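For reference, the chains in residue letters:
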Amino acid sequence: MQQIRPSASRVAIMRYLLEHPAHPTADAIWRALQPAIPSLSKTTVYNTLKLFAERSIVETIDIDSENVRYDATIREHAHFRCDVCGSIHDIDLEPAISDKISRNCPEAFGKARVSVHLHGVCPRCRASRSHPEN
């Protein structure tokens, strides 16, 4: 595998992803980093995230219908999106579950990557809003 040449912007973007596991959008990453790196363009952020995804360094998440989110956690896991606040949380999967799903994919499709998205109300929203699902 060809290495990614580090640059100040690439390092800053990866550091941000590792330090902010809330599955940010490219725009959120740009807004957070731009004050410290005024020369950072949105195009650089998008291109860097695309490169990271192509090299399997980050995962793109399409759980949000309006934005692509990014996750630096590469291990197989599910994502839970709160229907009230929109927050996204990692949910661990038992390896047997993702293996079984992957094995049930017909061979004609090749090796399957498992992506599980769950939707509901997060504990914070349930507690703060006395949501009917309490």
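Residues numbered from 1 in each chain as written. Predicted model: local features only at pLDDT ≥ 70, side-chain atom pairs only at ≥ 80, totals over all residues. Heavy atoms only, no water.

What exactly am I supposed to notice about the pattern of salt bridges here?
Think of it this way: side chains of opposite charge can pair up when their charged atoms draw near. Inspection of the entire model under this criterion finds two salt bridges. In this structure, the salt-bridge partner of Lys42 is Asp27, at a minimum N-O distance of 3.8 Å. Here the residue Lys42 occupies a position in helix H3 (residues 42-54), and Asp27 occupies one in helix H2 (residues 26-33), the gap between them amounting to 15 residues. Looking at Asp27, the relative accessible area reads 24%, which means it is partly exposed. Residue Asp92 pairs with Arg75 through a salt bridge whose shortest N-O separation is 2.7 Å. Of this pair, Asp92 sits in strand S4 (residues 88-92) while Arg75 sits in the loop between strand S2 (69-71) and strand S3 (77-82), and the two are 17 residues apart along the sequence. A residue is classified by how much of its surface remains accessible, and Asp92, at 56% relative accessible area, is exposed. (Salt bridge = Lys/Arg side-chain N within 4 Å of Asp/Glu carboxyl O. Helix = DSSP H or I, 4+ residues; strand = E, 2+ residues; numbered from the N terminus. Buried < 20%, exposed > 50% of the residue type's maximum accessible area, 1.4 Å probe, protein only.)

Quick question: what am I supposed to make of the layout of surface pockets here?
If you add up the space inside the largest pocket, you get close to 270 Å³. Taken together, Ala53, Ser56, Val58, Glu59, Thr60, Ile74, Arg75, Glu76, His77, Arg113 and Val114 form the lining of the largest pocket. Its residues assigned to classes, the lining of the largest pocket shows four nonpolar, three polar and four charged. (1 Å grid on protein atoms, 1.4 Å probe; cavity = no way out; pocket = protein on both sides within 12 Å on 5 of 7 lines; lining within 4 Å. Points joined across faces, edges and corners; volume = space filled by probe spheres on them. Nonpolar A, V, L, I, M, F, W, Y, C, P; charged D, E, K, R; others polar.)

For this particular structure, what's the right way to read the pairing of S3?
When a strand is regular, its side chains alternate between the sheet's two faces. The buried fraction of S3 is high, at five of six residues. Two elements, S3 and S4, share five bridges in a ladder whose sense is antiparallel. Pairing of Ala78 across the sheet is with Ile91, part of S4. (Pairing = 2+ DSSP bridges.)

Sorry, what's going on with the packing of H2 against H3 here?
When two helices pack together, their arrangement is captured by the angle between the axes and the distance separating the axes. Packing of H2 against H3 leaves a shortest axis separation of 9 Å and a crossing angle of 125 degrees. Here H2 lies oblique to H3, going by the angle between them. For the element pair H2 and H3, the recorded crossing hand is right-handed. Contact with H2, carried on its side by Ala26, Asp27, Ile29 and Trp30, involves Lys42, Val45, Tyr46 and Leu49 of H3 and no other residues of that element. (Axes fitted to C-alpha atoms, helices over the stretch in contact; angles between N-to-C directions. Parallel < 35°, antiparallel > 145°, perpendicular 65-115°, else oblique. Left-handed = near helix turned anticlockwise from the far one by under 90°. Contact = heavy atoms within 4.5 Å.)

I would appreciate a short explanation of the side chain of His77 in the present structure.
As for its position among the elements, His77 is in strand S3. With a relative accessible area of 5%, His77 lands in the buried category. Reaching out from His77, the side chain makes a polar contact with the side chain of Asp71 at a distance of 2.8 Å. A polar contact of 2.5 Å, which involves the side chain of His77, links it to the backbone oxygen of Arg75. (Polar contact = N/O pair within 3.5 Å; in protein donor to acceptor, adjacent residues only side chain to side chain.)

I'm lost on the packing of helix H1 (residues 8-19) against H2 in this one. Help?
Look at H1 against H2: their axes get within 11 Å of each other, and the N-to-C directions meet at 110 degrees. Relative to H2, the element H1 lies roughly perpendicular. The residues of H2 that touch H1, namely those facing Ala12, Ile13, Tyr16 and Leu17, are Ala28, Ile29, Ala32 and Leu33. Split into classes, the residues belonging to the contact of H1 with H2 amount to eight nonpolar, no polar and no charged.

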